[in-house]
Amino acid sequence: MATSATVRVAAVQVPARAFDTAASMIIAKRWIEDAASQGARLIVLPEAVLGGYPRGAGFGATVGARTAPGRALFGRYFANAVQVPGPETDQLCQVAARHGCELVIGVIERAGSTLYCSAVFISGTGHVRGVHRKVQPTGSERLIWGQGDGSTLHVFDTPLGRIGAAICWENLMPALRLALYGQGIEFWCAPTADARDSHIATMRHIALEGRCVVLAANQFATRSAYPGDYDAVLPSDPGAVVCRGGSVIVGPLGDILAGPLYEQPGILTADIDTNEIVRARFDFDPVGHYARPDIFHLHVDRASHTAVTYHAPPPPVGEGDNLTQ
């Protein structure tokens, strides 16, 4: 727990541009600067701000078949994904350092030939703290995004408190929530693209269950945020809203502190007394005095899992004394 202080936090409902990371970076930096100018020291942006959420796209895939245009669309999507660290995170680090604010931003991350839906954590001193990869893409998202593993399921200790993230429907996974509660999470960041009313209920439940502050940053997008030649099930009207938002900030007893914000981009802020988190856990701590480890126990594998592991061969006989490595 950070030293008791009032911390201003912000959830930013950014109108980013899909399939145009350069334009989205300009937009994201402008909104971060705006939130920072309002005094926010923790700023959370939505899922897939950089890289884009490919809403309505089927990528030419049916059971047993793929199409050449679908592969071409995936190639275009892949080209707009970002590497972590990389040029885009370098720019975000500069913004964060300039304002001394912690950032959590949703990106489509490129690693090798696989894409991940990720949340990047950037410190107020301008370095990448780490990245969380969505452990379970939802529905058709599994066609285009790989699965993260436990090696990126981290809560980071910062000057503001302990910060972690769950992306979109990860927030519905009870075991994942418990894995973050077990790391003492205090600021639960929820980049998302889910604009349904029920998502607000989930955010309030997590705040109450985890006795933590929840910052849900949702997308606001119209059809014009997507390329004109984008082959997807979306309205043809450029002004049609395809994601209405729903960003919200919730206190550690489940009370809504700001939002929800719908039908427009914008910035939500709230001033958080970090002592409220401790006071909220007086009568409920999901991994402490209200847990029953004699009955229930969760095992979390935080190792990194790769398809290929290379081991160094032993040195040739006669070269060196250690022949058993």
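Just above sits the structure.
Note that the structure is a prediction, hence the values are computed from the model and not measured.

1. A look at the packing of aromatic side chains
Thought 1: One pass over the full model with this rule turns up ten aromatic pairs.
Thought 2: Ring geometry for Phe121 versus Phe156: centroids 4.7 Å apart, planes at 50°, classification tilted. Placement of the pair is Phe121 in strand 6 (residues 114-122) and Phe156 in strand 8 (residues 156-158), with a sequence separation of 35 residues. Of the two residues, Phe121 and Phe156, both sit in the buried class.
Thought 3: Among the aromatic residues, those joined into a ring-pair cluster are Phe19, Phe59, Phe74, Tyr77, Phe78, Tyr226 and Tyr230.
Thought 4: Above the plane of the ring of Tyr116 lies Arg133, whose end atom (NZ or CZ) is 4.1 Å from the centre.

2. Description of the sheet that holds strand 7 (residues 128-133)
Thought 1: Strand order in this open sheet of six strands is 7-6-5-2-1-16, and the pairing throughout is mixed. The open sheet has two edge strands, strand 7 and strand 16 (266-273), and neither has a second partner. Each neighbouring strand pair of the sheet contributes to a mean axis angle of 25°, computed without reference to strand direction.
Thought 2: Sheet analysis places strand 5 (residues 102-111) next to strand 6, joined by nine bridges and oriented antiparallel. Across the sheet, the residue bridging to Val104 is Phe121, located in strand 6.
Thought 3: Sheet contacts for helix 2 (residues 68-79): strand 5 and strand 6; angle to strand 6, the most-contacted strand, approximately 20°.
Thought 4: Across the sheet, helix 3 (residues 87-99) is in contact with strand 5, strand 6 and strand 7; its angle to strand 6 comes to roughly 15°.

The rules behind the values
- Residues numbered from 1 in each chain as written.
- Predicted model: local features only at pLDDT ≥ 70, side-chain atom pairs only at ≥ 80, totals over all residues.
- Heavy atoms only, no water.
- Phe/Tyr/Trp six-rings, centres within 6.5 Å; stacked < 30°, edge-to-face > 60°.
- Helix = DSSP H or I, 4+ residues; strand = E, 2+ residues; numbered from the N terminus.
- Buried < 20%, exposed > 50% of the residue type's maximum accessible area, 1.4 Å probe, protein only.
- Lys NZ or Arg CZ within 6 Å of the ring centre and 35° of its normal.
- Pairing = 2+ DSSP bridges.
- Axes fitted to C-alpha atoms, helices over the stretch in contact; angles between N-to-C directions.
- Contact = heavy atoms within 4.5 Å.

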